[in-house]
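Here is how the chains run, residue by residue.
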Amino acid sequence: MDKSKRKELQEEYKQIKTFMGVVRITNRTNGKMYVDSYPNLKNKWLTIQMQLDMGRFANAELQRDWTALGKDAFDYEVLEEKDTTDILDVRWETKQLEKKWLERLQPYGEKGYNKPKPTTNE
């Protein structure tokens, strides 16, 4: 590949918008939900499904239900997405969005797969 073509492709890549956000996976059989945030939502559902299909998802309880019930028992939804173009600290912003949705939905215990995060006294 010549240098001019390579440079052109690099510039095109820089123009691709990236969206961060918060997603929810809902078990349709029992209503339990899992809420998480990601700095890049592109193809995230495919990645999550692959992890679950391979038995390698980080949340063990959701993994057990996925293995027992199969992917047809679950819904995936983007709760909020935000363009990352003008954001300086994407990870921090992503965690702030997640915190807001965790507070709103309370996906803990019987309602969800998330575990409450320890609170810090500031």
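Because the structure is a prediction, the values reported are computed rather than measured.

Rules behind the numbers
- Residues numbered from 1 in each chain as written.
- Predicted model: local features only at pLDDT ≥ 70, side-chain atom pairs only at ≥ 80, totals over all residues.
- Heavy atoms only, no water.
- Salt bridge = Lys/Arg side-chain N within 4 Å of Asp/Glu carboxyl O.
- Helix = DSSP H or I, 4+ residues; strand = E, 2+ residues; numbered from the N terminus.
- Buried < 20%, exposed > 50% of the residue type's maximum accessible area, 1.4 Å probe, protein only.
- Lys, Arg positive; Asp, Glu negative; His and termini not counted.
- Phe/Tyr/Trp six-rings, centres within 6.5 Å; stacked < 30°, edge-to-face > 60°.
- Lys NZ or Arg CZ within 6 Å of the ring centre and 35° of its normal.

(A) Region of interest: the pattern of salt bridges. With the rule as written, the count across this model stands at seven salt bridges. For E61, the salt bridge goes to K32, with nearest N and O atoms at 2.3 Å. With E61 in helix 3 (residues 60-69) and K32 in the loop between strand 1 (19-27) and strand 2 (33-38), this pair connects stretches of sequence that are 29 residues apart. On the basis of relative accessible area, K32 is assigned to the buried category, the value being 10%. One salt bridge in this structure joins K82 and E93, with 3.5 Å as the shortest N-O distance. With K82 in strand 3 (residues 74-83) and E93 in helix 4 (residues 90-105), this residue pair connects regions lying 11 residues apart in the sequence. According to the relative accessible area criterion, K82 is partly exposed, its value standing at 33%. For E93, a relative accessible area of 22% corresponds to the partly exposed category. One continuous salt-bridge network, built from bridges that share partners, spans K32, E61 and K115.

(B) Region of interest: the side chain of K44. Within the fold, K44 resides in helix 2 (residues 44-53). No salt bridge is formed by the buried K44. Its closest oppositely charged neighbour is D36, at 8.2 Å.

(C) Molecular detail of the packing of aromatic side chains. Summed over all chains, the structure comprises four aromatic pairs. A centroid spacing of 5.4 Å and a plane angle of 75° characterise the contact between Y34 and F57, whose relative ring orientation is edge-to-face. Taken together, the residues span a long stretch of sequence, with Y34 in strand 2 and F57 in the loop between helix 2 and helix 3 at a distance of 23 residues. The residues Y34 and F57 share a single accessibility class, namely buried. A centroid spacing of 4.6 Å and a plane angle of 20° characterise the contact between W45 and Y76, whose relative ring orientation is stacked. In this pair, W45 sits in helix 2 while Y76 sits in strand 3, placing the two residues 31 residues apart along the sequence. The ring of Y113 carries K32 above its face, with NZ or CZ at 5.1 Å from the centroid. For R104, the ring lying beneath its charged end belongs to W101, and the centroid distance is 4.4 Å.

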